[in-house]
Amino acid sequence: METPVVRGHPVLGNALRMAKDPAQFFVDCYREHGPVFRIRVLGREQAVLAGPEAAEFLGTQEGRESLRSREFWSGLVDEYGATRTLPGEDGASHKELRDIMRRGYSREAIADRLDELVAITDRNIDRSWRPGTTVPVLRSMQTLVTDQLGELMTGAARPEYVADIRLATTYIINVLVTRQRPRLLLRDPRYRRARRRVLELSERMIADRARVAAGADPGAAPGSAPGIKPAILLDDLMRANRERPTAMPDSDLLICATGPYVAGMDTVANTTAAMVYAVLKHPGVLQRVQQEAAELFARPSITERDLRGIPSIRGALMETMRLYPVAVVQMRTATRNFTFQGHRISAGETIYIGTTVPHFLEEFFPDPMRFDIDRYEKPRAEHLQTGAYSPYGRGQHVCLGKTLADVQMLVTMARMFHRLDLRLESPGYVLARKTSPNPGPALSFRVDVAGHRH
């Protein structure tokens, strides 16, 4: 079967439409051409598998055997002198790394530290969300998320590195992963400095953790000495480095130590910033969110079980991830010739997998552009339809930290809407958005802090 090619500019191809609104671009193409089509970007032709068919294909054995991700992450691995990184591995190698990191990226890593998560959020509110000010939401969220990830996953907050992490992450994604920008930009002195600082951060975290281990009770679990905060992920990485150096060599330990920042800072910050907009844009939702948050924080201490009692906040988060996906597509290379939906894909082809296309399809989510936080509760449970909902990706590369991120975002947003009286610039304000390095609210998105509610 001949695969359709999406019409575009003779030179730029489909680049401009993709850059303007990537989610809508892939939805429009799916509607016109079905689950398989080809696009052209700056002279390069790439296959696209999209829709629920593609989302399901990623989870099958055929999908795992037909697709690999190494090429898209090889630039990062080479740039930082590593041998491999989790998102760039497949098969047994991917499983080995995933097993090493699984505990550190799990819900359990922060399940008994929710009050600490609240305290970190509070100190950021007190510092950066003062009454009478106008706050740049995305930048403020990036700072908050970095503070949380540093303390909860590596044992200490690292505020002095926030700007470096942010800049290095932008270059990594734009130049080395999505390749939206030329490699020439890696010579930029600002990036070179940020790169050095990120490596310095890795070395510092590892050295600090080694001193903790040396001073702790030999019979205690790593990080359990009095006054020492746990750091499950970093402890597990360092243990693998000591006990299985072929699986976690020194070079890989450095890049994995800052993995939570690269993987979590931009993605979580984009999602929480979008949720601020979406909830404020819908006063009825805001009222429900504030009511649930008031009941949640009326308790002297909160537990993971308490998070089951905030369906409106959970629904608002899930609806935000549906309408404002951070990972619009997944990128793969064909490992072999295969046929998908009657179309031949050749070994070595670059492929986009449009897993979030169903987020915007009427047949899965009626009136799909409406922000409806009740879609996810039974009996509707629209997200449970086959292939319908993929905010964290699909298949063997589904986000390892998705359950941790869910808890982190639920608690953070509940606390912020509980404590802050926020206002959009005007009731008619429409969110300004960016597409690089990840889709999300633009840096220009700001809100007014009318006051502190609690």
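Each remark here, short or long, concerns the structure printed above.
What counts, and where the lines are drawn
- Residues numbered from 1 in each chain as written.
- Predicted model: local features only at pLDDT ≥ 70, side-chain atom pairs only at ≥ 80, totals over all residues.
- Heavy atoms only, no water.
- 1 Å grid on protein atoms, 1.4 Å probe; cavity = no way out; pocket = protein on both sides within 12 Å on 5 of 7 lines; lining within 4 Å.
- Points joined across faces, edges and corners; volume = space filled by probe spheres on them.
- Helix = DSSP H or I, 4+ residues; strand = E, 2+ residues; numbered from the N terminus.
- Expected span 1.5 Å × (residues − 1).
- Bend = angle between axes of the 7 residues up to and from the residue.
- Buried < 20%, exposed > 50% of the residue type's maximum accessible area, 1.4 Å probe, protein only.
- Salt bridge = Lys/Arg side-chain N within 4 Å of Asp/Glu carboxyl O.
- Pairing = 2+ DSSP bridges.
- Contact = heavy atoms within 4.5 Å.
- Axes fitted to C-alpha atoms, helices over the stretch in contact; angles between N-to-C directions.

The subject of this paragraph is the layout of surface pockets. Its boundaries defined by the atoms lining it, the second largest pocket holds a volume of some 360 Å³. If you trace the second largest pocket, you find 18 residues lining it, with Tyr389, Pro391, Tyr392, Lys402 and Asp406 closest to the centre. Where the lining of the second largest pocket is concerned, the elements lending two or more residues are α16 (311-323) and α17 (402-419).

A few words now on helix α14 (residues 259-281). Structurally, the α-helix is built with 3.6 residues per turn, so residues lying three or four positions apart point the same way. In this model α14 runs 33 Å from its N-terminal to its C-terminal C-alpha over 23 residues, within 8% of the 33 Å that 1.5 Å per residue would give. At Met265, α14 shows its strongest bend, of approximately 30 degrees. Of all the 23 residues making up α14, 19 are buried; the element is thus mostly covered by neighbouring parts of the structure.

A word on the pattern of salt bridges. Considering all chains together, one arrives at 44 salt bridges under this definition. One salt bridge in this structure joins Asp236 and Arg103, with 2.7 Å as the shortest N-O distance. On the criterion of sequence distance, the pair formed by Asp236 in helix α12 (residues 232-243) and Arg103 in the loop between α6 (91-101) and α7 (108-111) is long-range, its members being 133 residues apart. Here Glu151 ties to Arg123 by a salt bridge, and the two come within 2.8 Å at their closest N and O atoms. Taken together, the residues span a long stretch of sequence, with Glu151 in helix α9 (residues 137-154) and Arg123 in helix α8 (residues 114-128) at a distance of 28 residues. Residues joined in a network through salt bridges with shared partners are Glu319, Arg322, Asp367, Arg370, Asp372, Arg375, Arg380 and Glu382.

Pairing in this open sheet of five strands is mixed, and the strands run β1-β2-β8-β5-β3 from one edge to the other. The sheet is open, and its two edges are formed by β1 (36-41) and β3 (67-68), each paired on a single side. Those strands touched by helix α2 (residues 22-33) are β1, β2 (44-50) and β8 (350-354), and its axis lies near 135 degrees from that of β1. Those strands touched by helix α3 (residues 51-58) are β2, β3, β5 (330-334) and β8, and its axis lies near 85 degrees from that of β2.

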